[in-house]
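Each chain, letter by letter, is given below.
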Amino acid sequence: MTRIGQMFDRARQQGRGVFIPYVTLGDPDLETSRRVVLELEAAGADLVELGVPFSDPLADGPVIQRATERALDRGFTLEKGLALVADLRRHTQVPLLLFSYYNPLFAYGFERLVSAAKQRGIDGFLITDLSVEEAEGPLAVLRGAGLDSVFLAAPTSTDERIRKIAAYSSGFIYAVSRTGVTGARKSLSDEVQSLIRKIRSQTSLPVAVGFGVSEPDHLRQVWSRAEGAVVGSAIVRCIERNIGQPDLAQRVGEFARWLKGGC
Amino acid sequence: MNETTGRGSLGQIPDSRGHFGPYGGKFVPETLMHPLEELEQAYLRARQDPGFQAELDRLLRDYSGRPTPLSRADRLSRQLGGARVYLKREDLNHTGAHKINNCLGQGLLAKRMGKKRVIAETGAGQHGVATATVCALLDLDCEVYMGEEDMRRQELNVFRMRLLGAKVHGVSSGSQTLKDAINEAIRDWVTNVRSTYYLIGSVLSAHPYPMMVRDFQSVIGREAREQILEREGRLPHTLLACVGGGSNAIGLFHAFLEDETVAMVGVEAGGRGSNLGEHAARFSGGKPGILQGTYSYVLQDDDGQIAKTHSISAGLDYASVGPEHAFLRDRGRIRYTSATDQETLEALHLLSRTEGIVSALESAHAVAEVMRLAPRLREEDLLLVNLSGRGDKDVQTVAAADSG
């Protein structure tokens, strides 16, 4: 079993929800990303999603678009991102999920990337614009390397689609809480409940809910229905607001504690 | 057996999953996958429905003015010496370009699917204007995404869209051109997918769009083939068309794909130089990759980040190209070349003075290749050029370029 699967098992035994923050690699620079990931782990992150910036993030809202631009403006490359992962693995055993669009991964050479990522310490991949219809080849590569493949399920997914998504996924299934792009929202959508029900009827894999999860109350709501809560834009916005502050990473850690603890 | 031109092999793509050989497919977030399945089913039903086809044919005829003429360009031919040039006059369509062919088809489909709201992206503004026009005609709400750089370059079309009742959203991200307008349109669609029809303007994005837009545009080639046979009793030596996303080109070429003697040339934007960022010649400067829903040739850097592009024409500066073009290029069925900004301006002037036709800058790219090709051919060789749009929108750009 992968680090991701073991982590979900442990959380289940302990009867607690899993906290999954997202960070765009290289935002605003690689050293800051390194510190933020370590702070997030210290603040109780159970898994960290590492976003590989892509110039055309069509599933993302303005917050992650800006983070992507900051990272690319500073000269982010996938090679540098992988070196950072190797560095992180010397300090932490927190599961790491590489999160991106397909083109930058494809351009690197997907097989070469998966083998390099595994060696550096990545535990799984989530590729936003890789539909299950197109995933056969990449999935075989990931399975061959023993890495997890996480696919999205959406409120518009039919039962038939969810069946295929479940068959293709390992580690967990990422339930998209609402139709739309990434970004913080005041309230959680009602759509997510019926989506989680649909997923449960097809698989026993853990479910993590993301898109719009941005307040302590949201996390508690998500944890009452699903194993994990993903917080993306709210974390990235916290990084953005603290750019230039020497204690940026600590502030992101405090924010994560507040989200988790709700105090 | 000759694989490239084997009868029946080229006209029957894509496969059921939207693949043109290795290209095409569906690379979009899961939220859009079932809506794409619904769209495909609705389209396939409409395609089989004689009532739908009759309604579309009626609008193409009575509203857009089809069939468009095939004009023999005698003065241009004489001036160039060599081949006899014919122009397929898509510029004479209502709204001034071939874009309306696709918009009428997809507009009727949106209506059938019960969608009340239509969104579109636009580069040069021709697709935005055609979409706004069809939405006015069919009583659909219309919102158009357009890069702010393009809004500056094509101010007239922005005004036309607003006049037609459409809302135009300026897009300030990235290069502020077509690619960024598509990103925003997709973000809108993924958010409002249940109520909204995304009316894509070229043979791009995820299946079924490249197939559906091609089908709606292939009326160009069906007419042109009939017209040239009637006029000359034989097929053309070569077909020429500019290629941005590639809808006017595939629209002309499709009916001729299995005519083995007919050569085809697609002309990309050569811009102002051959370095990455200075042009939009995807086939000479790009490599296969995934952008905005489909697998095709893409201008990108070594790290898979999408490159900036440049062209004097706002309609040709997209970083990728329709997947069917990628397939036909690899099969050797279509040759692709490019024309620079400067060659294009010269072609636009030449056509204006010899034939009295001010073409769009996009279409003038194809005319630039005619200038190179015609003198090398014999008088009995026929060149058939898709004059995809008229140049009213570009007069200011041309004036600025001419004055230095």
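Everything numeric in this text was worked out from a predicted model, so none of it was measured.

(A) Structural detail: the overall build of chain B. When helices and strands are counted, chain B shows 16 helices and 14 strands. Compactness check: chain B gives a C-alpha radius of gyration of 19 Å against a globular reference of 22 Å for 404 residues, within 12% of the reference. The buried share of chain B, reckoned over its 404 residues, is 66%. For chain B, the proportion of contacts with a sequence separation of at least 24, taken over those separated by at least 6, is 75%. If you sum the accessible surface of chain B, you get close to 14,000 Å²; carbon and sulfur atoms cover 47% of it. Averaged over its 47 positive side-chain charges, chain B has a centre that lies 2 Å from the centre of its 52 negative ones.

(B) Focus on the sheet that holds strand S2 (residues 23-27) of chain B. All names here are of chain B. Read across the open sheet, the 4 strands follow the order S1-S2-S12-S11; overall the sheet is antiparallel. A single partner strand is all that each edge strand has here, and the edge strands are strand S1 (19-20) and strand S11 (287-291). Pairing analysis gives 2 bridges linking S1 to S2, with the strands arranged antiparallel. Its bridge partner being in S2, histidine 19 is matched across the sheet by glycine 24.

(C) Focus on the interface of chain A and chain B. Facing 39 residues of chain A, the contacting portion of chain B comprises 37 residues. Between chain A and chain B, roughly 3,000 Å² of surface is buried when both sides are summed, and carbon and sulfur atoms account for 50% of that area. Taken as a group, Asp56(A), Leu58(A) and Glu134(A) account for 21% of the area that chain A buries against chain B, more than any other trio of residues on that side. Counting across the chain A and chain B interface gives 4 salt bridges. Glu191(A) is paired through a salt bridge with Arg194(B); the nearest N and O atoms lie 2.6 Å apart. Between the two partners, chain A and chain B, sit 24 residue pairs in polar contact (both at pLDDT 80 or more).

(D) Region of the structure containing the pattern of salt bridges. Within the structure shown, the criterion is met by 54 salt bridges over all chains. Arg47(B) is the salt-bridge partner of Asp215(B), the closest N and O atoms lying 2.7 Å from each other. Residue Asp215(B) is located in helix H9 (residues 209-217), and its partner Arg47(B) is located in helix H1 (residues 33-48); the two are separated by 168 residues in the primary sequence. On the basis of relative accessible area, Arg47(B) is assigned to the partly exposed category, the value being 36%. Taken together, the salt bridges that share partners define one network made up of Glu31(A), Arg34(A), Arg35(A), Asp87(A) and Arg90(A).

(E) A look at the packing of aromatic side chains. Applying the stated criterion to the full structure yields 21 aromatic pairs over all chains. Plain terms: the ring middles of Phe8(A) and Phe172(A) are 5.4 Å apart, the flat faces sit at 45° to each other, and that makes the pair tilted. You can see Phe8(A) sitting in helix H1 (residues 3-14) and its partner Phe172(A) sitting in the loop between helix H8 (159-168) and strand S7 (173-176), a full 164 residues away along the chain. When sorted by exposure, Phe8(A) lands in the same class as Phe172(A), which is buried. Here Phe283(B) and Tyr297(B) contribute two aromatic rings whose centre-to-centre distance is 5.0 Å and whose plane-to-plane angle is 65°, an arrangement assigned as edge-to-face. Of this pair, Phe283(B) sits in helix H12 (residues 282-285) while Tyr297(B) is found in strand S12 (residues 293-298), placing the two residues 14 residues apart along the sequence. Each member of the pair, Phe283(B) as well as Tyr297(B), carries the same accessibility label: buried. Here Arg112(A) stacks its cationic end above the ring of Tyr108(A), 4.0 Å away from the centre of that ring.

(F) Quick peek at the confidence of the model for chain B. All names here are of chain B. Per-residue confidence for chain B averages 95 on the pLDDT scale, and 98% of its residues sit at or above 70. No element of chain B has a lower mean pLDDT than helix H6 (residues 148-153), at 90, and none a higher one than strand S9 (residues 238-242), at 99. Considering only residues more than four positions removed or in separate chains, one finds that residues 1-8, a stretch of pLDDT under 50, has 11 contacts. Confidence metrics for the complex model read pTM 0.96 and ipTM 0.96.

(G) Broad picture of the nonpolar core. Residues Leu50(A) and Phe125(A) are the most contacted members of the largest nonpolar core, which totals 107 residues. With residues up to four places along the chain from it excluded, the contact list for Leu50(A) reads Val23(A), Leu25(A), Val37(A), Val85(A), Leu96(A), Leu97(A), Leu98(A), Phe99(A) and Ile122(A). In this structure, Tyr101(A), Leu140(B), Met146(B) and Phe216(B) belong to the second largest nonpolar core, which totals 67 residues.

(H) Structural detail: the state of the cysteines. All names here are of chain B. Applying the stated rule across the entire model yields 0 disulfides over all chains. We note that cysteine 135 lacks a disulfide partner, and the nearest cysteine sulfur, in cysteine 142, lies 4.0 Å from it. Taking the relative accessible area as the measure of exposure, cysteine 142 reaches 8% and is therefore buried.

(I) Expanded view of the environment of Ala347(B). Residue and element names in this part refer to chain B. Looking at where alanine 347 falls in the secondary structure, it is placed in helix H14 (residues 341-355). We classify alanine 347 as buried; its relative accessible area is 0%. Sequence separation between alanine 347 and glycine 404 is 57 residues, and the spatial gap between their C-alpha atoms is 17 Å. Beyond its immediate stretch of four places on either side in the chain, alanine 347 contacts Ala364, Val367, Ala368 and Met371.

Calculation rules
Residues numbered from 1 in each chain as written. Chains lettered and ligands numbered in written order. Predicted model: local features only at pLDDT ≥ 70, side-chain atom pairs only at ≥ 80, totals over all residues. Heavy atoms only, no water. Helix = DSSP H or I, 4+ residues; strand = E, 2+ residues; numbered from the N terminus. Rg over C-alpha atoms; globule rule 2.2 N^0.38 Å. Buried < 20%, exposed > 50% of the residue type's maximum accessible area, 1.4 Å probe, protein only. Contact = heavy atoms within 4.5 Å. Areas by Shrake-Rupley, 256 points an atom, 1.4 Å probe, with all protein chains shown as cover. Lys, Arg positive; Asp, Glu negative; His and termini not counted. Charge placed at Lys NZ, Arg CZ, Asp CG, Glu CD. Pairing = 2+ DSSP bridges. Buried area = accessible area lost by both parts, 1.4 Å probe. Salt bridge = Lys/Arg side-chain N within 4 Å of Asp/Glu carboxyl O. Polar contact = N/O pair within 3.5 Å; in protein donor to acceptor, adjacent residues only side chain to side chain. Phe/Tyr/Trp six-rings, centres within 6.5 Å; stacked < 30°, edge-to-face > 60°. Lys NZ or Arg CZ within 6 Å of the ring centre and 35° of its normal. pLDDT = per-residue confidence, 0-100. Core = buried A, V, L, I, M, F, W, Y, C linked by side-chain atoms within 4.5 Å. Disulfide = S-S within 2.5 Å.

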